[in-house]
Amino acid sequence: MGRGCGFVLLAACLAVAWAARAEDAVKAPDASAAAKPSPVIVHAKLVAEPTRDDLVRVYPPKAWDDRIEGAVTVKCQIQLSGELSACAVAAEAPLDQGFGAAAIKLASLYKMSPATVDGRPVESPATLNLKFPVMADPGEPPEDEVQVDHHGWPV
């Protein structure tokens, strides 16, 4: 009886020890996971943008003649090269005046420094909110520069 009890006691002790060890592992997080710092993210920055002449060149002719202003939201992807690609019109007002197509042409003229994560460049989305201002005289170029909302460009 002594031999059988000893083996059972040894097995029970090992089971308790393994359970305690597993419990400690659950309670104490892995030191390497706790020491891992958060990534350092640097957002994309504007390097070059369209000029007033670029705006005049793409302004829809009928809207120019009729002195119609427009506003367009364009969503793009910032490539590692800093160029914008896969641009698509997300919103346009007024519709059917050609401002969406004009905004896509302007988007191709933007240049960005790409966003980085831990010093490595990454592709990221960009949203351009472009305004096409009304001119003082139909034959004169607009007085306002191209207006773009650069805030909140996520990585």
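Before reading further, recall that the structure is shown in the block above.
How each quantity is defined
- Residues numbered from 1 in each chain as written.
- Predicted model: local features only at pLDDT ≥ 70, side-chain atom pairs only at ≥ 80, totals over all residues.
- Heavy atoms only, no water.
- Salt bridge = Lys/Arg side-chain N within 4 Å of Asp/Glu carboxyl O.
- Helix = DSSP H or I, 4+ residues; strand = E, 2+ residues; numbered from the N terminus.
- Pairing = 2+ DSSP bridges.
- Core = buried A, V, L, I, M, F, W, Y, C linked by side-chain atoms within 4.5 Å.
- Buried < 20%, exposed > 50% of the residue type's maximum accessible area, 1.4 Å probe, protein only.

A few points about the pattern of salt bridges
Alright, step 1. Taken as a whole and judged by the stated rule, the model has two salt bridges.
Alright, step 2. The salt bridge partner of Asp-54 is Arg-57, with a shortest N-O separation of 2.1 Å. Here Arg-57 and Asp-54 lie together in helix 3 (residues 52-58), a separation of three residues that amounts to about one turn.

Some words on the pairing of strand 3 (residues 70-78)
Alright, step 1. Looking at chain direction, strand 3 and strand 8 (residues 124-132) are connected through nine bridges and run antiparallel. Bridge pairing links Cys-76 to Ala-126 in strand 8.
Alright, step 2. Relative to strand 4 (residues 84-93), strand 3 runs antiparallel, the two being bridged by seven bridges. Paired with Thr-73 across the strands is Ala-91, a residue of strand 4.
Alright, step 3. Linking strand 3 back to strand 4 in an antiparallel pair, the connection comprises five residues, with Gly-82 at a positive phi of about 95°.

Some words on the sheet that holds strand 6 (residues 115-117)
Alright, step 1. Within the open sheet, the three strands sit side by side as 1-6-7. Their pairing is antiparallel. The outermost strands of the open sheet, each flanked by one partner alone, are strand 1 (41-42) and strand 7 (120-122).

Some thoughts on the nonpolar core
Alright, step 1. Counting 23 residues, the largest nonpolar core has Tyr-59, Val-74, Leu-84, Leu-128, Leu-130 and Phe-132 as the members making the most contacts within it.
Alright, step 2. For this core, the elements supplying multiple residues, two or more each, are helix 3, helix 4 (61-65), strand 3, helix 5 (99-107) and strand 8.
Alright, step 3. A per-element tally of this core places helix 5 first, with five residues.

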